[in-house]
Amino acid sequence: MNPSSSALLIIGHGSTVNPDSSVPTRRHAAEIQNRNLFADVRCAFWKEEPSLRDARFFFADRTIREVFVVPNFISEGYFTQTVIPRELELKGPVTTRANGQTWIYCEPVGNNPIVTKLLLTRAHEIAPGIEPTETALLIVAHGTELNDNSAIAAKREAERIRARGEFASVGNAYMEEPPLIANWDQLTNAPNVIVVPFFIADGLHSYEDIPKLLGIERTGPEIFRENPHQIRGRSLYYAKAIGTDPRFADIIVEQTLNARNLTHAG
Amino acid sequence: MKEPERLLESLVTGKISRIGQLEISLSENGFILCHREDVGRIDLQQCQVDDAVEIAKFDDKDRYRPLKTAPTLRRGWKIFANNSEEASRAIDAIYPGRLAVLHTFKGGRLSTTSLRETLNRQSGMYRVAAKISDEQVDALVGNFCRSDGGCLRTILWKRDERKTVPSAKLPPEKFDPAADQMGKGETCIPLLCQEACNLLVAACRDMVKMEGAASSAP
Ligand code: SF4
């Protein structure tokens, strides 16, 4: 990476109704900017400003020769494969603009194996001191979104963690399709249950919808500070959306390094 | 210094110090930003450059602002910026992307995209938006993008490749980068709209859907 000639563009979904949707993406951008790894670090969003179309006009300095585009998305899917390339006018993994600047399209953050580590770390952090062999881990995803592979990615993560044999059980659950997160107590046997939302940002799903389905009476951002919740005879630990973890900034940087290795390999 | 910062510096030293609802003034050691209607007030809350994102997020009634160029910027604050880099960062948080687009425009390299082209490009749930009629576009854009209550950007895009104006309901000033969209006739840095935003595309879709629902009703 050349800090004086490389720039980073982080792409988020954003929202026209949820003020928290773009917060993690902006935080990761600010964090990476502070590390001085890139000449410039910017965000762009599908549903917020600046738009993906605006982003085509960023990085005007002649000194910037390459722009890394990293989708802050939990999985490959409709947005990473159709919307982002179309709106940014990317022709493939590497696009050369009229001014000679190279735009390198990286894989979404969710594809990086560090995500598995972060899921594990988060599980241990929100339930400190409890015995993993007496604990079930549930990774919850939405499940029915158009062309979205987040359910597949969530399954892959559960498999990887299960293979480590640390927890009594590791499973997937969904909001709108079986196995339903509402049945969390039937999906698990252990006395302790950890639930981690497999989303890029907090919002209505993680503040309200999932807590309701879990049977947590209070909703809102404070619920993450009230672990464990004693419900249905179990100790339930409920985590924030995985994408709010500040270490996602490391993943974003990693994705640029991985893309560079790929595009410069041959 | 990055290009848009250089541009900002030259504009502000040339005394063009308004952008949208923002007033930017030169102080001894930097820049002061506040709401245009708060100029001269002494009871403004002192804020940091990093607070700008939050300032832009909610209006005076604490409602979320999905469109940052809507004329609903909250009042009662001022931000001190040490240099043009910090000032640009604050402006970019309040009006995201606008300085970069302006810089491209000033350099004669800004390409605009007609509304029909934007709509025809959509996929998924937005594909249906392309079915909107020209008459509906005229009415919708005339209301949705209007500077008094809708959006403070100057529209540079056309309705279609025939270069039709987006809406006959909007005054000529809406398409003039030299005009003050706040209607005060002051010299301003324009907030440019080079292509219909996602909110307008969504509104086109809603209009098509609504008509579909109305015509299939018994
Ligand atoms: S299309 Fe442009 S002028 Fe109209 S509301 Fe969106 S940003 Fe404003």
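Residues numbered from 1 in each chain as written. Chains lettered and ligands numbered in written order. Predicted model: local features only at pLDDT ≥ 70, side-chain atom pairs only at ≥ 80, totals over all residues. Heavy atoms only, no water.

What about the overall build of chain B?
Quick reminder of the rule: Secondary structure follows DSSP: runs of H or I at least 4 residues long count as helices, runs of E at least 2 residues long count as strands, and numbering of each begins at the N terminus. The size measure is the radius of gyration over C-alpha atoms, and the globule rule it meets is 2.2 Å times the number of residues to the 0.38 power. Buried residues are those whose accessible area, probed at 1.4 Å on protein chains only, stays under 20% of the maximum for their type, while exposed residues exceed 50% and partly exposed ones sit between those limits. Here a residue-residue contact requires only that any non-hydrogen atoms of the pair lie within 4.5 Å. Here Asp and Glu are counted as negative and Lys and Arg as positive; His is not counted, and neither are the chain ends. To locate a charge, take atom NZ for lysine, CZ for arginine, CG for aspartate or CD for glutamate.
Looking only at helices and strands, one finds 7 helices and 7 strands in chain B. The N-to-C order of helical and strand elements in chain B reads α-β-β-β-β-α-β-α-α-α-α-β-β-α. The C-alpha atoms of chain B give 19 Å as radius of gyration, which agrees with the globular expectation for 218 residues (17 Å, within 12%). Buried residues in chain B amount to 52% of all 218 residues. In chain B, once contacts between residues fewer than 6 apart in sequence are set aside, the share between residues at least 24 apart is 70%. The distance from the centre of the 33 positive side-chain charges to the centre of the 31 negative ones in chain B is 4 Å.

Overview of the nonpolar core
Residues and elements named next belong to chain A. Heads up, the condition is: Think of a nonpolar core as a cluster: buried Ala, Val, Leu, Ile, Met, Phe, Trp, Tyr and Cys residues, connected wherever their side-chain atoms sit within 4.5 Å. These domain boundaries are the output of an automatic or database domain assignment.
Ranked by internal contacts, the top residues of the largest apolar core, which has 45 residues, are Leu 8, Ile 32 and Phe 198. Structurally, this core is a two-domain feature, drawing no fewer than three residues from each of domain 1 (6-106 + 245-263) and domain 2 (111-198 + 203-239). Contact partners of Phe 198, with chain neighbours within four places excluded, come to Ile 74, Val 115, Leu 119, Ile 139, Val 140, Ala 141, Ser 150, Ala 153, Ala 154, Glu 157 and Ile 242.

Digging into the packing of aromatic side chains
Defined as follows: Between 30 and 60 degrees the pair is tilted, below 30 it is stacked and above 60 it is edge-to-face, where a pair is any two Phe, Tyr or Trp rings, Trp via its six-membered ring, whose centres lie within 6.5 Å. Note on criteria: charge over ring means Lys NZ or Arg CZ within 6 Å of the ring centre, with the direction from the centre no more than 35 degrees off the ring normal.
The full count for this structure, using the stated rule, is 10 aromatic pairs over all chains. With 5.3 Å between their ring centres and 65° between their planes, Tyr 78 of chain A and Phe 79 of chain A make a pair best called edge-to-face. Overall, Tyr 78 of chain A belongs to the buried group, its relative accessible area being 14%. Given the relative accessible area of 22%, Phe 79 of chain A is considered partly exposed. Taken together, the aromatic side chains of Trp 46, Phe 73, Tyr 78 and Phe 79 of chain A together with Tyr 126 of chain B make up a single cluster linked through ring pairs. The cationic tip of Arg 42 of chain A hangs over the ring face of Phe 58 of chain A; the distance from NZ or CZ to the ring centre is 3.9 Å. When the ring centre of Trp 103 of chain A is taken as origin, the NZ or CZ atom of Arg 97 of chain A, which lies over that ring, is 4.2 Å away.

Concerning empty space enclosed by the protein
By rolling a water-sized probe across the atoms, one finds the places where empty space is left. Defined as follows: Only protein atoms enter the 1 Å grid used here. Points where a 1.4 Å probe fits but cannot escape make up a cavity, open sets with protein on both sides within 12 Å along at least five of seven lines make up a pocket, and a residue lines them when an atom lies within 4 Å of a point. Grid points are joined across faces, edges and corners, and a volume is the space filled by probe spheres set on the points. Charged means Asp, Glu, Lys or Arg here, nonpolar means Ala, Val, Leu, Ile, Met, Phe, Trp, Tyr, Cys or Pro, and polar covers whatever is left, Gly included.
Enumeration according to the criterion identifies 4 cavities of 30 Å³ or more in this entry. Quantified by volume, the largest cavity comes out at close to 260 Å³. What lines the largest cavity is a set of 23 residues, among which Trp 46 and Ser 51 of chain A together with Ala 196, Cys 197 and Asn 198 of chain B lie closest to the centre. Those elements that provide at least two residues to the lining of the largest cavity are α2 (52-55) of chain A together with α5 (115-121) and α7 (198-216) of chain B. When the residues that make up the lining of the largest cavity are grouped by side-chain class, the tally is 9 nonpolar, 5 polar and 9 charged. One number sums up the size of the second largest cavity: a volume of about 90 Å³. Together, 13 residues line the second largest cavity, and Cys 145, Cys 151, Arg 153, Cys 193 and Cys 197 of chain B are the ones closest to its centre. A breakdown of the residues in the lining of the second largest cavity according to their chemical character gives 10 nonpolar, 1 polar and 2 charged.

Thoughts on the interface of chain B and chain A
This is how the line gets drawn: Summed over both partners, the accessible area lost on bringing two parts together, with a 1.4 Å probe, is the buried area. Criterion for a salt bridge: a side-chain nitrogen of Lys or Arg within 4 Å of a carboxyl oxygen of Asp or Glu.
Chain B puts 32 residues into the contact, and the matching count from chain A is 26 residues. Here chain B and chain A share an interface that buries about 2,400 Å² over both sides, 48% of which is from carbon and sulfur atoms. A per-residue breakdown of the area chain B buries against chain A is headed by Lys 2, Tyr 64 and Arg 121 of chain B, which together make up 24% of the total. Where chain B meets chain A, there are 6 salt bridges.

Observations concerning the sheet that holds strand β2 (residues 40-45) of chain A
Residue and element names in this part refer to chain A. Threshold: Strands are treated as partners if at least two bridges between them are detected by DSSP. For helices, the fitted line uses only the C-alpha atoms of the stretch in contact; every axis is such a line through C-alpha atoms, and the angle between N-to-C directions lies from 0 to 180 degrees.
Read across the sheet, 5 strands follow the order β2-β1-β3-β5-β4 without closing on themselves; strand pairing throughout is mixed. The strands lining the two open edges of the sheet, one partner per strand, are β2 and β4 (94-96). The mean angle between the axes of side-by-side strands here comes to 20°, regardless of whether they run parallel or antiparallel. Strands in contact with helix α1 (residues 23-34) are β1 (6-12) and β2; relative to β2, the strand with the most contacts, it is inclined by about 170°.

Brief notes about the site of the ligand
Residues and elements named next belong to chain B. Heads up, the condition is: Near, as used in this document, describes a residue that has one of its heavy atoms within 4 Å of the molecule or strand being considered. Molecules are considered to sit inside a cavity or pocket once more than half of their atoms lie within 2 Å of its grid points.
Neighbouring residues of the ligand: Leu 67, Phe 144, Cys 145, Cys 151, Arg 153, Ile 155, Trp 157, Cys 193, Ala 196, Cys 197 and Leu 200. Under a 2 Å grid-point criterion requiring more than half of the atoms, the pocket assigned to the ligand is the second largest cavity. Taken together, the residues that form the shell around the ligand break down as 10 nonpolar, no polar and 1 charged.

Examining helix α7 (residues 204-214) of chain A
Residues and elements named next belong to chain A. To keep things clear, this is the line we draw: Working definition: the arc comes from the directions between the helix axis and the C-beta atoms, pointing outward to the latter.
All of the buried residues along α7 are Ser 206, Tyr 207, Ile 210, Pro 211 and Leu 214. Across the axial projection of α7, the buried residues extend over an arc of 130°, all falling on one side. For α7, the exposed residues set more than 90 degrees away from the buried face come down to Leu 204 and Lys 212. The elements touched by buried residues of α7 are β6 (135-141), α6 (184-187), β8 (192-197), β9 (229-231) and β10 (234-238). Gly 215 sits one or two residues past α7 and shows a positive phi near 95°.

Describing the side chain of Arg 153 of chain B
Short version of the rule: Each polar contact in these results corresponds to two N or O atoms within 3.5 Å; when the atoms are within protein, one needs to be able to donate a hydrogen and the other to accept it, and residues that are neighboring in sequence are counted only if both atoms are side-chain atoms.
Along the chain, the position of Arg 153 of chain B falls in the loop between α6 (134-144) and β6 (154-155). Within polar-contact distance, the side chain of Arg 153 of chain B engages the side chain of Thr 69 of chain B at 3.2 Å. Excluding anything up to four places from it in sequence, Arg 153 of chain B contacts Glu 49 of chain A together with Thr 69, Arg 98, Lys 174, Gln 181, Leu 191, Leu 192 and Cys 193 of chain B.

Some thoughts on helix α4 (residues 98-106) of chain B
Of all 9 residues in α4 of chain B, 7 are buried; the element is thus mostly enclosed. Buried within α4 of chain B are the following residues: Arg 98, Leu 99, Ala 100, Val 101, Leu 102, His 103 and Thr 104 of chain B. On its buried face, α4 of chain B sits against α2 of chain A together with α1 (3-13), β1 (18-19), α3 (84-94) and β7 (192-193) of chain B. Positive phi appears at Gly 108 of chain B, one or two residues downstream of α4 of chain B, with a value of about 70°.

Section: the pattern of salt bridges
The full count for this structure, using the stated rule, is 44 salt bridges over all chains. Note that Glu 87 of chain A is salt-bridged to Arg 86 of chain A, the shortest N-O span being 3.0 Å. This pair shows no difference in class: Glu 87 of chain A is buried, exactly as Arg 86 of chain A is. Across the pair Asp 43 of chain B and Arg 41 of chain B runs a salt bridge whose closest N-O atoms are separated by 2.8 Å. For Asp 43 of chain B, a relative accessible area of 53% puts it in the exposed group. Taking relative accessible area as the criterion, Arg 41 of chain B reaches 34% and is therefore assigned partly exposed.

Keep in mind these numbers describe shape, not what the thing actually does.
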